[in-house]
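Working through the structure, step by step
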Amino acid sequence: MEQFSEQLYKKLMKDYDSINSHSGINGERLAKRLASIANIGLTSELGSHRIGFSTEEKAAKYLVKEWMAEAGLTISEDGAGNVFGRMQGSEQNAPVILSGSHLDSVPNGGHFDGPLGVLAALEVVEAWNETGFIPRKSYEVVIFTDEEGARFHSGMLGSSAMMRKNQREELLNRKDIDGIEFEEVLHQYGLRIDNFFDTRRSLNEIEAFVEVHIEQGKRLEKEDVSVGVVTGIAGPCWLEITFQGEAGHAGNTPMNDRKDALVAASLFISQLESLPKEVSDSSVATVGRMQVHPNGVNVIPGSVTLTVDIRDIHLQRRDDLVDEIISLAKRISDKRSIGVTFEEKVRITPVPITEDMQIKAISAVESIGERVYTLPSGAGHDAMIVGTSIPVAMLFTRSKDGISHNPKEWSSLHDCVITIHALKVLLESLVK
């Protein structure tokens, strides 16, 4: 497994131009650290397996804490296992600026999703140390616990704990993928349940949070840019729709006397594709799961249940799209003379990034000579949780082929370092 770490390091360095290592930012150091973290929880398919509250996630945190200490940061950990490395500013009572991400992964995931954001935030500290920059406001590198949610199917538990957004009773009733209760998982991880739910940072203490993350999409690649400025983080609404027809014999029921639920569902799915663009250029809708009953080869489908994932970075537009989708399902069911029911499974508020924070991020990208490209985030991130109460900004790093949550996930060292240069400028505008 040590061999893989060396291979990843060499692959990162292969096409890297050291001219990009300047102003205290060191691409070689970043490559070594990415490779070292990748070695923790390495799978047989050469992916990452560091699910939340696992020994692998804890080991990765421990490694980064060692680097934090070497960089002179004061390290603390809260009741949810979130780690903070603090660089004290010259003004003692000024609010703090946070930057970071997470180190947990999905099962057999990639090596950039999460770790890049943590190491980018730490690399800025290394750069400030080397150049002698002393921030006026204190700066903290943060590692949030369990962003991915692979263990309890409920992500961003660490950032939610910090923001006091976790529901105690709901989590206490949850069991993980191995059937272990939430409280026992915390105990095995070295945390106490009361401390977990008592975790909270004073909102007055934090001025802003900035997160670097791989894009997990193809927009930056298509535009041929290394770094993008995020305009908002989409909030999902998951809508479960059931079309209720009549099951019947596939041979003895004439075509003009059928109430085929699958035909209705198929019409709905084919027409759904055109709805988002009528509402917003940042709206999306996806049918990712469908169940057919009774699901027999020679039986007309009597009912079909499907789930639509509806997202937008703007709340009203997202909710307008939900209404349009419900109307479409009703029109089809009426025309086909079948029933339709709806059940809302999830509705999370989107987080648009403020104009002021976008302007600062855009200015940072411009200052390093990169072309500015703005884009929404369709995926959820810790910034979405923090951003409900605190100003946030996000920078995306180009993803090769848009692949993520997969061992093939890749962002070039060049793109990672360019993103960190932009992050450094952005953070300096916030901590001065």
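Scroll up to find the structure this text is about.
Presented here is an overview of the structure given in this document. (Residues numbered from 1 in each chain as written. Predicted model: local features only at pLDDT ≥ 70, side-chain atom pairs only at ≥ 80, totals over all residues. Heavy atoms only, no water.)

1. Some details on a negative patch on the surface
Residues E278, D320, D323 and E324 make up a contiguous surface patch of negative charge. Per element, the largest residue contribution to the negative patch is three residues, and it comes from helix α12 (residues 315-336). Along the chain, D320 falls in helix α12. The exposure class of D320 is partly exposed, given its relative accessible area of 31%. (Patch = residues over 30% accessible without salt bridge, like charges linked within 9 Å, V, L, I, M, F, W, Y side chains within 5 Å. Areas by Shrake-Rupley, 256 points an atom, 1.4 Å probe, with all protein chains shown as cover. Salt bridge = Lys/Arg side-chain N within 4 Å of Asp/Glu carboxyl O. Lys, Arg positive; Asp, Glu negative; His and termini not counted. Charge placed at Lys NZ, Arg CZ, Asp CG, Glu CD. Helix = DSSP H or I, 4+ residues; strand = E, 2+ residues; numbered from the N terminus. Buried < 20%, exposed > 50% of the residue type's maximum accessible area, 1.4 Å probe, protein only.)

2. Overview of the sheet that holds strand β9 (residues 284-293)
Spatial ordering of the open sheet is given by β9-β11-β7-β12, a layout of four strands whose pairing is antiparallel. A single partner strand is all that each edge strand has here, and the edge strands are β9 and β12 (339-347). Mean inter-strand twist for the sheet, computed between neighbouring axes without regard to direction, equals 20°. Those strands touched by helix α10 (residues 261-272) are β7 (235-244), β9 and β11 (303-312), and its axis lies near 15° from that of β11. Those strands touched by α12 are β7, β9, β11 and β12, and its axis lies near 160° from that of β12. (Pairing = 2+ DSSP bridges. Axes fitted to C-alpha atoms, helices over the stretch in contact; angles between N-to-C directions. Contact = heavy atoms within 4.5 Å.)

3. Describing the side chain of S411
Along the chain, S411 turns up in the loop between β15 (392-397) and α15 (413-431). Engagement of the side chain of S411 in a polar contact is seen with the backbone oxygen of R398, the distance being 2.7 Å. With residues up to four places along the chain from it excluded, the contact list for S411 reads L12, F112, I214, T397, R398, S399 and C416. (Polar contact = N/O pair within 3.5 Å; in protein donor to acceptor, adjacent residues only side chain to side chain.)

4. Considering the nonpolar core
With 90 residues, the main nonpolar core has V64, Y139 and L395 as its most contacted residues. With near-sequence residues (within four places) excluded, L395 lies in contact with E211, V212, H213, V227, G228, V229, A361, V365, T419, A422, L423 and L426. Formed by 21 residues, the second largest nonpolar core is a distinct cluster that contains V304, L321, I332 and I338. (Core = buried A, V, L, I, M, F, W, Y, C linked by side-chain atoms within 4.5 Å.)

5. Structural notes on the environment of T145
Within the fold, T145 resides in the loop between β4 (139-144) and α5 (157-162). Beyond its immediate chain neighbours, meaning those up to four positions away, T145 contacts F53, E57, K61, A80, G81, N82, L157 and G158. Here G81 takes part through its backbone oxygen, which lies 3.1 Å from a polar atom of the side chain of T145.

6. A short note on the packing of aromatic side chains
By the definition in use, this model includes twelve aromatic pairs. Their ring planes at 90° and their centres at 6.1 Å tell us that F53 and F182 sit as a pair that is edge-to-face. Of this pair, F53 sits in the loop between α2 (27-38) and α3 (55-70) while F182 sits in helix α7 (residues 182-189), and the two are 129 residues apart along the sequence. Using a relative accessible area of 4% as the deciding quantity, one classes F53 as buried. For the ring pair W128 and F133, a centre distance of 4.9 Å and an interplane angle of 45° mean the geometry is tilted. (Phe/Tyr/Trp six-rings, centres within 6.5 Å; stacked < 30°, edge-to-face > 60°.)

7. Notes on the pattern of salt bridges
Counting across every chain of the model gives 24 salt bridges. R33 is the partner of E126 in a salt bridge, and the nearest nitrogen-oxygen pair spans 3.0 Å. Of the two residues, E126 sits in helix α4 (residues 115-131) while R33 sits in helix α2, which places them 93 residues apart along the sequence. The closest approach of N and O atoms between E205 and R201, which form a salt bridge, is 2.9 Å.

8. Side note on the pairing of β11
Successive side chains on a regular strand alternate, one facing one side of the sheet and the next facing the other. A large share of β11 lies buried, amounting to ten of its ten residues. Taking every second residue as pointing to the same face, both faces of β11 are buried, with S303, T305, T307, D309 and R311 on one and V304, L306, V308, I310 and D312 on the other. Sheet topology places β7 next to β11; ten bridges connect them, and they run antiparallel. The residue bridging G235 from the neighbouring strand is D312, located in β11. Of the pairings in the sheet, the one linking β9 to β11 comprises nine bridges and is antiparallel in character. Across the sheet, A285 pairs through a bridge with I310, a residue of β11.

9. As for the packing of α2 against α3
Between α2 and α3, the least distance of the axes is 10 Å, while the angle of their chain directions is 150°. With respect to α3, the axis of α2 lies roughly antiparallel. Touching R33, S36 and I37 of α2 are L63, V64, W67 and E70, all from α3. By residue class, the composition of the contact of α2 with α3 is four nonpolar, one polar and two charged. (Parallel < 35°, antiparallel > 145°, perpendicular 65-115°, else oblique. Nonpolar A, V, L, I, M, F, W, Y, C, P; charged D, E, K, R; others polar.)

10. Observations concerning the side chain of H111
Checked against the element boundaries, H111 lands in the loop between β3 (96-102) and α4. Judged by its relative accessible area of 5%, H111 falls in the buried class. A distance of 3.0 Å separates a polar atom in the side chain of H111 from the backbone oxygen of L46. Residue contacts for H111: discarding those within four places in its chain leaves F4, L8, L34, A38, L42, L46, G47, S48 and E409.

11. A closer look at α2
The terminal C-alpha atoms of α2, which comprises twelve residues, lie 16 Å apart, in line with the 16 Å expected from a rise of 1.5 Å per residue. Listing the buried residues of α2 in full gives G27, L30, A31, R33, L34, A35, I37 and A38. One side-chain oxygen of the residue at the start of α2 lies 2.9 Å from the amide nitrogen of E28, identifying that residue as N26. (Expected span 1.5 Å × (residues − 1).)

12. What to know about the environment of K58
Assignment of secondary structure puts K58 in helix α3. Linking K58 and G190, residues 132 residues apart in sequence, is a C-alpha distance of 9.8 Å. The residues contacting K58, other than those within four sequence positions of it, are Y189 and G190. In this structure the side chain of K58 is engaged in a polar contact, spanning 2.4 Å, whose partner is the backbone oxygen of Y189.

Any functional reading would require information that these geometric values do not contain.
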